Amino acid sequence: MAKSIVMSEMLNVDLALGKLIALIRENAGDIDRERIPIGDASGRITAETVSAGIDLPPFDASSMDGYAVIADEIETYRVTAEARAGHPSNTRVVPGTTTRVFTGSQMPPGANAVVLQEDGTRDGDTFTRTAPVESGENVRYRGNDVNKGESIATIGTRLTPLRLAWFAACGIETVVVHKKVRVGIFSTGDELADAGAQLAPGQIYDSNRFALNALMAHQAAVVTDLGRLPDDPSPIRATLEQAARDHDVIVTSGGVSVGDADYVRGVVEALGRLDFWRVALKPGKPLAVGRIEDALFFGLPGNPVSTIVTYLLFVAPAIDALSGTEPTAPIPVPANLDGPIAHKPGRREYVRGQLTHRNSALTVTPTGDQSSNRLSTFAGANCLVIVPEQAGDLEPGTAVDVLLLTDQGALL
Ligand code: AMP
Ligand code: MG
């Protein structure tokens with residue numbers, strides 16, 4: 001069933017991503033789900049709508065330290081009770097009386113406003129207001145954050161610490177999420193050595209496997225490291241056959257260009273199907289996308305920067321789509337280019353940059369030599385400058401768009 005579509009035309013980056021997501025949707029089965037504690041749910045994707053189990057806040061509360069009153073013309077009150085957070089008072093507030101309250105105190109019965117303690121003076125049992133007061137002032141009403149039964153997450157929502165904090169406030173203990181996408185990764189190349197090994201002549205350390213592992217850590221994925229394979233079709237074949245059985249995605253790096261020693265393509269073509277895409281992208285033009293049994297296959301170019309960029313642009317959104325959420329396009333941020341970029345029209349280039357905020361403006365400085373083997377110029381980058389396909393050399397001062405990189409190395 002070998003089938004290879006060799007594209008002679010270069011594919012635009014956006015079209016390539018669209019094609020990829022369409023391919024995933026075509027083959028999408030139901031994703032298994034599981035119920036887990038919210039403490040373990042950061043980064044996971046909801047498989048069920050989540051609704052608030054309570055009104056939040058659960059009662060009308062004071063938002064400040066002060067005196068709970070009925071807002072009217074009266075200015076002098078007798079302090080008849082005190083309500084602390086967690087210790088409500090049953091004493092009814094009537095015209096001319098007040099209950100001493102604190103931030104988070106349940107509003108005492110009868111009161112409809114809180115006068116700040118600094119907006120009056122206290123003398124024994126008497127509080128005298130020195131500022132006007134309006135009904136509702138300094139009161140957080142029951143349900144003002146959310147009402148019981150209202151949706152606090154739809155299906156397909158990525159659970160962030162911010163949303164999970166809201167879940168916790170609503171008393172949610174567990175949540176039904178999609179199971180993690182199972183990703184198997186391996187590197188190919190006779191020249192590769194593992195960390196700790198003494199480098200033989202002609203060898204380099206394998207950085208792509210490390211990079212992919214670390215980059216996927218923030219995704220809803222569980223990564224199996226299948227190691228590093230030589231440029232030899234039989235171990236590549238054996239590993240791919242086994243990997244396809246128990247993974248949703250297989251990501252390899254190296255061995256997909258047109259060099260003699262590039263065996264991965266042939267093996268994938270023999271085992272399943274492979275589309276070889278020439279993406280109008282720099283770095284990372286060759287990208288192999290295929291399928292072996294039910295597993296989606298990515299053959300990323302071996303140069304370390306190309307591996308990372310193609311992961312960011314294609315593999316990360318694919319894992320999002322497979323994990324049950326809509327991949328979101330990264331947000332282009334306008335900035336002023338500080339320094340030239342040499343560019344030949346043809347491919348869209350992503351240039352490693354350092355974005356800074358200076359004199360109320362965003363400025364981006366390319367990090368230096370952009371060769372696709374140079375990780376030194378990725379190490380300190382916090383963004384990628386988008387150089388459009390048709391652009392020529394960019395002069396300093398050019399208005400560009402950049403994509404922000406998070407501390408986890410993801411596109412924002
Ligand atoms: P390839 O795509 O296999 O032709 O490799 C392109 C370049 O990337 C070569 O210089 C390789 O030595 C290098 N390379 C391939 N795989 C890795 C890896 N896992 N770590 C670091 N460099 C790699
Ligand atoms: Mg190679």
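Whatever comes next refers back to the structure up there.
Read on for an overview of the structure. Bear in mind the structure is a predicted one, so any value in this text is a computation, not a measurement.

Calculation notes
- Counting restarts for each chain, with residues numbered from 1 along the sequence as it is written.
- All chains are assigned letters beginning at A, and all ligands numbers beginning at 1, according to the order in which they are written.
- Only residues with pLDDT of at least 70 get local features here, since the model is predicted, and only at 80 or more are side-chain atom pairs given and counted; chain-wide, interface and lining totals rely on the full set of residues.
- Derived side-chain values reflect all non-hydrogen atoms in the structure, with water molecules and hydrogen atoms excluded from consideration.
- Nonpolar cores were defined as sets of buried Ala, Val, Leu, Ile, Met, Phe, Trp, Tyr and Cys residues, with membership established by side-chain atoms within 4.5 Å.
- Burial classes: relative accessible area under 20% of the type maximum marks a residue as buried, over 50% as exposed, and values in between as partly exposed (1.4 Å probe, protein chains only).
- In this text, helices come from DSSP runs of H or I with a minimum length of four residues, and strands from runs of E with a minimum of two, each type numbered from the N-terminal end.
- In this description, contact between two residues means that some pair of their heavy atoms is separated by no more than 4.5 Å.
- Salt bridge criterion: a side-chain nitrogen from Lys or Arg within 4 Å of a carboxyl oxygen from Asp or Glu.
- Convention adopted: a line fitted to C-alpha atoms gives each axis, helices being fitted over their contacting stretch, and angles between N-to-C directions are expressed from 0 to 180 degrees.
- For classification purposes, angles smaller than 35 degrees are called roughly parallel, those larger than 145 roughly antiparallel, those between 65 and 115 roughly perpendicular, and all remaining angles oblique.
- Throughout, a crossing is termed right-handed when the near helix is turned clockwise from the far one, and left-handed when it is turned anticlockwise from it by less than a right angle.
- Each residue is assigned to one class: nonpolar for Ala, Val, Leu, Ile, Met, Phe, Trp, Tyr, Cys and Pro, charged for Asp, Glu, Lys and Arg, and polar for all the others, Gly among them.
- If even one non-hydrogen atom of a residue comes within 4 Å of a molecule or strand, that residue is called near it.
- In protein, a polar contact means a hydrogen-donor-capable atom and an acceptor-capable atom, both N or O and within 3.5 Å, with residues adjacent in sequence counting only if both atoms are side-chain atoms; elsewhere, any N or O pair within 3.5 Å suffices.
- For the area figures, the Shrake-Rupley method with a 1.4 Å probe applies, and any residue is considered shielded solely by the protein chains shown.
- Fitting one axis to the seven residues ending at a residue and another to the seven starting there, the bend at that residue is the angle between the two axes.
- In this scheme Phe, Tyr and Trp rings, the latter by its six-membered ring, pair at centre separations within 6.5 Å, and the angle between planes marks the pair as stacked below 30 degrees, edge-to-face above 60, and tilted otherwise.
- By the criterion adopted, a ring carries a charge over it if an Arg CZ or a Lys NZ lies within 6 Å of its centre and within 35 degrees of its normal.

**Structural notes on the nonpolar core**
Logical step 1: Ranked by size, the top nonpolar core spans 44 residues in total, and within it V183, M216, V251, F298, Y311 and F314 carry the most contacts.
Logical step 2: When residues in this core are grouped by element, the largest group, 12 residues, is from helix α6 (residues 304-322).
Logical step 3: With residues near it in sequence (within four places) discarded, Y311 still touches L212, L215, M216, H218, Q219, L300, A316 and P317.
Logical step 4: Counting residues in each nonpolar core, the second largest holds 18 residues, with A243, L271, I292 and F297 among its members.

**So, the pattern of salt bridges**
Logical step 1: A complete count under the given rule lists 17 salt bridges for this structure.
Logical step 2: The shortest N-O distance in the salt bridge between R209 and D206 comes to 2.7 Å.
Logical step 3: Owing to a relative accessible area of 13%, D206 belongs among the buried residues under this scheme.
Logical step 4: Across the pair R273 and D275 runs a salt bridge whose closest N-O atoms are separated by 3.1 Å.
Logical step 5: The network of salt bridges with shared partners includes D194, D206, R209, D225 and R228.

**Some words on the packing of helix α4 (residues 233-245) against helix α5 (residues 264-271)**
Logical step 1: Where α4 meets α5, the closest approach of the two axes is 10 Å, and the angle between their N-to-C directions is 45°. One way to sum up the angle between α4 and α5 is to call them oblique. Considering the relative orientation of α4 and α5, their crossing is right-handed. Residues P233, I236, R237, L240 and E241 of α4 touch α5, and the partners they reach there are V264, V267, V268, A270 and L271.
Logical step 2: Here the residues of the contact of α4 with α5 sort into 8 nonpolar, no polar and 2 charged.

**Some words on the site of ligand 1**
Logical step 1: What surrounds ligand 1 is a group of 16 residues, the closest being E191, D206, S207, G255 and G302.
Logical step 2: Within the backbone of S207, one N or O atom sits 3.0 Å away from a nitrogen atom of ligand 1.
Logical step 3: Between ligand 1 and G302, the relevant distance is 3.0 Å, taken from an oxygen atom to a main-chain nitrogen or oxygen of the residue.
Logical step 4: Protein chains shield 77% of the accessible area of ligand 1, which is 480 Å² for the free molecule.
Logical step 5: If you list the elements that add at least two residues to the shell around ligand 1, you get β14 (181-188) and β16 (204-205).
Logical step 6: Of the residues belonging to the shell around ligand 1, the class tally is 4 nonpolar, 10 polar and 2 charged.

**Digging into α6**
Logical step 1: Bending of α6 peaks at approximately 45° at the position of Y311.
Logical step 2: Burial runs high along α6: 18 of the 19 residues are buried.
Logical step 3: Where α6 ends, the next residue or the one after it, G324, has phi of about 100°, a positive value.

**Digging into the packing of aromatic side chains**
Logical step 1: Per the stated rule, a full pass over the model turns up 2 aromatic pairs.
Logical step 2: An angle of 15° between the planes, with centres 3.8 Å apart, marks the rings of Y67 and F127 as stacked. Here F127 lies in strand β10 (residues 126-129) and Y67 lies in strand β5 (residues 66-69), a separation of 60 residues in the sequence. Across the pair, F127 and Y67 agree in class, each one buried.
Logical step 3: By way of ring pairs, the aromatic residues Y67, Y77 and F127 are connected into one cluster.
Logical step 4: A cation over a ring is seen here: R84 above F102, with NZ or CZ 4.4 Å from the ring centre.
Logical step 5: Sitting over the face of the ring of F276, R265 holds its NZ or CZ atom 3.9 Å from the ring centroid.

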